[in-house]
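Coordinate analysis (summary)
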Amino acid sequence: MERAGADAGRARRFRPATRARSWWLETSRGPSRPPAMGVHLGAAVPAWSLRAVAFALAVAAGALVTNSGVTTALLVLAAVPVAVAPGTALPVLTAGLIGWGLLAGDADPLLASVVVLCVPAFLLLGRLTGGVGWQARIELGALRRAGQPFLVFQVLAQVMMHLAFVLPAAGRGSLWAGVAALAALTVLTGLLGRRLRATT
Amino acid sequence: MRAQPSLWVPGGSAALAGGLGMALLALGLATSRPDVAALGLPLVLGVAWGWVSRPRGPVEAALVPGGGTAPAGAGADPVRAALHLHTPPGTSLVRLRVSTAGYQPAEVVLDAGSDRQVPLSLRTARTGVLEAFRVDYVPVAQEEVLAAHCPPLGPVRLLVRPQVRPLRRLPLPFRLQGLVGPHTSRRVGEGLELHDIHEFTPGDRLRRIDWRTTVRRSLDPRTGELGELYVRRTLASADASVMLVVDSRDEVGPDVDTWAGGASTRMTHATSLDLAREAAASIAQHMLHRGDRVGLDDLGRQRRPVPPAAGSKHAERIIQRLARIAPEGSPKPRLRSPRLPSGALVIIFSTFLDDEAGTVAALWRSQGHRVLAVDVLPTVTTENMDALSNTAYQLIHLERGLRLADLRRQGIDVIHWVGDPDGHGTHMGAQEALLLAARPHGAAGARGAAIPRGGGR
């Protein structure tokens, strides 16, 4: 009996080599990935690549509107949610910060062209990749469908901006015309919002 | 499977983007900065465009099982279904998430400009009823002004049929029955194979008279009269009754670490029940194609068995029942063994991890049935186990070995479907083991085995 008890005691003794070996076996193998299913689409790109592009666009726009290292670093930091959490309100906040940076700096048509291109583009990519994970696949058809109105509005915005830069100032009358247009747009947006709520 | 009508609700990010655009426009105008105003303009126009072209109808979606009855296997066709999407004009894209237990969920963003049909597929080594392809989807309008809340679709129940392996030859029962069939029995009766030449007795058919033998043996040359008449007696033809008994009380995978239930077996690994289905379907197909009668019973469920019958429709019935066999909780132990047709060949498919299947097999053997025990344990792996679990498994392993040896000792042929799953098997495949068991004087059950005609298939 004593002999058996001694054997059992030896068996229970702490054995670092054995523990280390079992720990290594468990950690080195890791949980095996389950198999994948097939969802057969047309040509598609992975969501992570679009997120990376969106991040790059946000960083580029942020870098263009800032002129000090600290603010650039802050805007790069603010661009991280564009890649990490594109489906949230954070990318819109990033766009707002870039807009504020643009307003704070001097007006430069070339720089503004790039910023006006980059900001709606990363917001568009954020909308596309927002509700799905990094591994998701985005059909090129979906990208094309979302890209068509984007291109039209880009052309319109760029043309208007360059016209505004090129044309001479028309005095106070044009300012009041702009304010009136803005007021009309505000009223229109409010009406649309009410209709939206009423419909849904 | 069709979804309920969808409900369109405003998208949060569109409102935020529109608000930011308006703010930038206002700031740009107020500060006479066309660049700032131009930054806000596409955002405002986008939201306005999204609202103008918003979808006004419901989204209709249906999940249709298609080709989901493919046989399993590594190189086999996958299990399929198709998602049909009908989106109203104005829908820009659909976010889709397809999930199935045991698989990585798949997420895609689809172009939803027109009606779409999205094929879904997966590969599995499992057979039987498989619940697959739960689809969560969110249709989105232009610029995400609206998004539809749709109830999820699925999962659909797909029946994955067991793979049928071609077999060359199978053992026959000790006694064949019936008056017609593909086999030659040892009785004298209607058949093709000659038994002997015998004197005519009352009851013999006149067309059986062998006139040459009669003339040679009983013609009196002096008188020219015939004496006794002689008839050719043949061996009667007969068919075999085969009862397949599947032990569905447990379903274990190759990884012993999953046997306790803590983890699940990978969908690409066949479990013991998948192997049992495959083995039973292969044997049933072979026997029915040969013209024998095959029945099916489930050791784990006390329900009416499929009675022995023949024909191609019966083959389909057997395979359908096999595909639906699944373990159900903790079944009560049977007080009586399942009733069998007399003289039937009994083939029991089990892992023999407990005594019940072996006990029933031994009982049938003692009743005079020829019994084949098909071991359907998959090739086990013990890599992921700790020392205590490994010790427990070693005990189970030893008990299983004793159980299988006991079966052999009682004259029951043991066939390992995967060869050598855990060291108790042989290096022969199932095909070779069945051939060995089918020999007239081979294996354990050779005593008085019927003579297969034409060497079997």
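Keep in mind the model is a prediction, meaning the values are calculated, not measured.

To continue, consider the overall build of chain A. Within chain A one finds eight helices and three strands. Listing every helix and strand of chain A by position from the N terminus yields α-α-β-β-α-α-α-α-β-α-α. The buried share of chain A, taken over its 200 residues, is 31%. Within chain A, contacts between residues at least 6 apart in sequence are counted, and of these 73% link residues at least 24 apart.

Scanning chain B from N- to C-terminus turns up eight helices and 21 strands. Its C-alpha atoms give chain B a radius of gyration of 34 Å, clearly above 23 Å, the size a compact globule of 457 residues would have. Taken over the C-alpha atoms alone, chain B extends approximately 145 × 60 × 35 Å along its principal axes. Burial status across chain B gives 46% buried among its 457 residues. Expressed as a percentage of contacts within chain B between residues at least 6 apart in sequence, the contacts between residues at least 24 apart total 72%.

Another aspect to go through is the sheet that holds strand E11 (residues 183-188) of chain B. Residues and elements named next belong to chain B. One open sheet accounts for three strands, arranged E11-E15-E12; its pairing is antiparallel. Strands at the two margins of the open sheet, each flanked by one partner only, are E11 and strand E12 (194-199). The mean angle between the axes of side-by-side strands here comes to 40°, regardless of whether they run parallel or antiparallel. Relative to strand E15 (residues 230-238), E11 runs antiparallel, the two sharing three bridges. Paired with Val-188 across the two strands is Leu-235, which belongs to E15.

Glancing now at the packing of helix H3 (residues 47-65) of chain A against helix H4 (residues 69-84) of chain A. What describes two packed helices is the angle between their axes and the distance between those same axes. All names here are of chain A. It is the contact of H3 with H4, at a shortest axis distance of 8 Å, that shows an interaxial angle of 155°. When the interaxial angle is binned, H3 and H4 end up roughly antiparallel. Here H3 and H4 pass one another in a crossing that is right-handed. Of the residues in H4, those touching H3 at Arg-51, Ala-52, Ala-54, Phe-55, Ala-58, Val-59, Gly-62 and Ala-63 are Thr-72, Leu-75, Val-76, Ala-78, Ala-79, Val-82 and Ala-83. Classifying every residue of the contact of H3 with H4 by side-chain character gives 12 nonpolar, two polar and one charged.

Our next topic: the nonpolar core. Counting 99 residues, the largest nonpolar core has A:Val115, A:Val119, A:Phe122 and B:Leu110 as the members making the most contacts within it. Ignoring any residue separated from it by four or fewer positions in sequence, one finds A:Phe122 in contact with A:Ala54, A:Leu57, A:Ala58, A:Val82 and A:Pro91. Formed by 61 residues, the second largest nonpolar core is a distinct cluster that contains B:Val242, B:Ile283, B:Ala284 and B:Phe349.

All names here are of chain B. Burial analysis of strand E4 (residues 91-99) places seven of its nine residues in the buried class, which makes it a mostly covered element. Both E4 and strand E8 (residues 134-141) contribute to a ladder of eight bridges, which runs antiparallel. Residue Leu-96 lies in a different strand from E8, and its bridge partner there is Tyr-137. Relative to strand E5 (residues 106-111), E4 runs antiparallel, the two being bridged by six bridges. Across the sheet, Arg-97 pairs through a bridge with Glu-107, a residue of E5. Counting the residues between successive antiparallel strands, the hairpin from E4 to E5 contains six residues, one of them, Gly-102, with a positive phi of roughly 95°.

A few words on H4(A). Residues and elements named next belong to chain A. If you check H4, its first and last C-alpha atoms are 23 Å apart, about what 16 residues at 1.5 Å a residue would give, namely 22 Å. Turning to H4, its buried residues number three or more, namely Leu-75, Ala-78, Ala-79, Val-82 and Ala-83. What you see down the axis of H4 is that its buried residues fit within an arc of 165°, all on one side. Of the residues in H4, the exposed ones pointing more than 90 degrees away from the buried face are Gly-69, Val-70, Ala-73 and Leu-77. If you follow the buried residues of H4, they end up packed against H3, helix H5 (90-104) and helix H6 (109-129).

Each side of the interface is counted separately: chain B has 58 residues, and chain A has 58 residues. Broken down by secondary-structure element, the contributors of at least two residues to the side of chain B that touches chain A are strand E1 (7-10), helix H1 (12-30), helix H2 (34-52), E4, E5 and strand E6 (116-122) of chain B. Broken down by element, the side of chain B that touches chain A gets its largest block of residues, 13 residues, from H2(B). A per-class count over the side of chain B that touches chain A returns 37 nonpolar, 12 polar and nine charged. In this structure, strand E1 (residues 38-39) of chain A lies alongside E6(B), joined through two bridges in antiparallel fashion.

Attention now moves to the domain arrangement of chain B. Interfaces are often sized by the amount of accessible area the parts lose when they come together. Residues and elements named next belong to chain B. Parsing chain B into structural domains produces domain 1 (8-52), domain 2 (60-160), domain 3 (183-238) and domain 4 (241-449). Contact with domain 2, which involves 10 residues of that partner, is made by 11 residues of domain 4. A per-class count over the side of domain 2 that touches domain 4 returns five nonpolar, four polar and one charged.

Residue and element names in this part refer to chain B. Strand order across the open sheet formed by six strands is E18-E17-E16-E19-E20-E21, with mixed pairing between neighbours. Of all the strands in the sheet, the pair left with one neighbour each is strand E18 (306-309) and strand E21 (413-416). Sheet twist, expressed as the mean angle between neighbouring strand axes with direction ignored, is 20°. Sheet topology note: the strand E19 (residues 345-350)/strand E20 (residues 370-375) ladder contains six bridges and is parallel. Each bridged residue has a counterpart across the sheet, and for Ile-348 the counterpart in E20 is Ala-373. Sitting on the sheet, helix H8 (residues 430-438) touches E20 and E21, and the angle it makes with E21 is about 165°.

Scoring rules and cut-offs
Residues numbered from 1 in each chain as written. Chains lettered and ligands numbered in written order. Predicted model: local features only at pLDDT ≥ 70, side-chain atom pairs only at ≥ 80, totals over all residues. Helix = DSSP H or I, 4+ residues; strand = E, 2+ residues; numbered from the N terminus. Buried ≥ 20, exposed ≤ 12 C-beta atoms within 10 Å, placed from the backbone. Contact = placed C-beta atoms within 7 Å. Rg over C-alpha atoms; globule rule 2.2 N^0.38 Å. Pairing = 2+ DSSP bridges. Axes fitted to C-alpha atoms, helices over the stretch in contact; angles between N-to-C directions. Parallel < 35°, antiparallel > 145°, perpendicular 65-115°, else oblique. Left-handed = near helix turned anticlockwise from the far one by under 90°. Nonpolar A, V, L, I, M, F, W, Y, C, P; charged D, E, K, R; others polar. Core = buried A, V, L, I, M, F, W, Y, C linked by C-beta atoms within 7 Å. Expected span 1.5 Å × (residues − 1). Arc of directions from axis to C-beta. Domains from an automatic or database assignment.

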